[in-house]
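# Structure assessment
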Amino acid sequence: MLKLDTVTIANDDFTLRANLTIERGSSVAIIGPSGAGKSTLLEAIAGFRSVPQGHISWNGDNISDLPPGKRPIAMLFQDGNLFPHLTARQNVGLGLRSNGRLSISEQEEVGVALARVGLADKGNRKPAELSGGQQSRVALARALVQRRDLLLLDEPFSALGPALKAEMLDLVAELRFETGTTLLMVSHDPQDARRITGHALLVADGLAHPPVATTKLLDNPPPALRDYLG
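Since we're looking at a predicted model, the values are computed, not measured. (Residues numbered from 1 in each chain as written. Predicted model: local features only at pLDDT ≥ 70, side-chain atom pairs only at ≥ 80, totals over all residues. Heavy atoms only, no water.)

## Remarks on the pattern of salt bridges
Pairing between side chains of opposite charge can happen when their charged atoms approach one another. Under the definition given, this model contains twelve salt bridges. Among the salt bridges present, the one from arginine 97 reaches glutamate 106, with a minimum N-O distance of 2.9 Å. The buried category is assigned to glutamate 106, whose relative accessible area is 14%. (Salt bridge = Lys/Arg side-chain N within 4 Å of Asp/Glu carboxyl O. Buried < 20%, exposed > 50% of the residue type's maximum accessible area, 1.4 Å probe, protein only.)

So this is what it looks like as structure tokens:
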């Protein structure tokens, strides 16, 4: 279980408060108006934002002071964060070892991950030689090999067309189900949230609210969310 216990998150002169829990193995959309703090919340959980008050815990262990690489978390960013001078295989391998020096078994694991995301024959290509969708699959494969308990998505598929984005979301949902990973996904699109998440939490007016059923929140949105969705 992920617990944010009376947390205050700092982002320059903006603060966000959160007091909530997310059950292990659940899939949760983070929804709210632009600039409300959705990415700030995700970054704090991942360890990229300071938490001056309260603490964040996973299965009862306080992770608030752990650096990002020591947390049980894999994160996909909006730009995929691939290294242009490395091949797809090498980029995925960084999920296992930051120096890229993999054992034979680790190299095999990278191959399995690439095959799982449909890129078994693209391992030697660099990002510039891949389509946007294929680059997203490489980033997802890198997260997959990390075998972390939590997967955080900060709209990594927002630049893709509707059909390809839906395909990537379905792949994430499939992998999450297979591994039992807990998923938190920032979303500006209610249909994306409906597609792969069972719960959603609203971020608005400086507060991250506890999660509720996705359909409940979107079918009867509070005023702050209704104004944003139109």
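Read on, since the account is not over.
## Some points on the confidence of the model for the protein
Mean pLDDT over the protein: 92, with 100% of residues reaching 70 or higher. Per-element mean pLDDT across the protein ranges from 85 in helix α8 (residues 223-229) up to 97 in strand β3 (residues 27-31). (pLDDT = per-residue confidence, 0-100. Helix = DSSP H or I, 4+ residues; strand = E, 2+ residues; numbered from the N terminus.)

## What to know about the side chain of threonine 8
Relative to the helices and strands, threonine 8 resides in strand β1 (residues 2-11). Assessed through its relative accessible area of 15%, threonine 8 is described here as buried. Beyond its immediate stretch of four places on either side in the chain, threonine 8 contacts Thr15, Leu16, Arg17, Ser50, Val51, Pro52 and Gln53. (Contact = heavy atoms within 4.5 Å.)

## Observations regarding the nonpolar core
Ranked by size, the top nonpolar core spans 30 residues in total, and within it Leu76, Leu140, Leu151, Leu153, Phe157 and Val172 carry the most contacts. Secondary-structure elements contributing two or more residues to this core are β6 (73-76), α2 (88-93), α3 (104-116), α4 (132-146), β7 (150-154), α5 (162-179) and β8 (182-186). It is α4 that provides the largest number of residues to this core, a total of six residues. With sequence-adjacent residues up to four places away left out, leucine 153 is seen in contact with Leu42, Leu76, Val172, Leu183, Leu184, Met185 and Val186. Val7, Leu42, Ile73 and Ala208 belong to the second-largest nonpolar core, a separate cluster that totals 29 residues. (Core = buried A, V, L, I, M, F, W, Y, C linked by side-chain atoms within 4.5 Å.)

## Here's the deal with α4
Helix length check: α4, at 15 residues, gives a terminal C-alpha distance of 22 Å against a target of 21 Å (1.5 Å per residue), a fit within 8%. Of the residues making up α4, those classed as buried are Gly133, Ser136, Arg137, Val138, Ala139, Leu140, Ala141, Arg142, Ala143 and Val145. On the buried face of α4, the contacting elements are β6, α2, α3, β7 and α5. Downstream of α4 by a residue or two, arginine 147 has a phi angle that is positive, lying close to 50°. (Expected span 1.5 Å × (residues − 1).)

## Quick look at the pairing of strand β9 (residues 199-204)
Within β9, five of the six residues are buried, which leaves it mostly tucked inside the rest of the structure. The pairing of β3 with β9 spans four bridges and is classified as parallel. Bridge pairing in β9 links alanine 29 to alanine 200. Across two bridges, the pairing between β9 and strand β11 (residues 212-213) is antiparallel. What sits directly across from histidine 199, in β11, is alanine 213. Here two bridges tie β9 to strand β10 (residues 207-208), and the two strands are oriented antiparallel to one another. (Pairing = 2+ DSSP bridges.)

## Comments concerning the environment of valine 212
For valine 212, the location among the structural elements is in strand β11. On the basis of relative accessible area, valine 212 is assigned to the partly exposed category, the value being 29%. Taking the C-alpha atoms as reference points, valine 212 and aspartate 5, separated by 207 residues in sequence, lie 18 Å from one another. The contact partners of valine 212, leaving out residues within four places of it in the chain, are Gly198, His199, Ala200 and Leu217.

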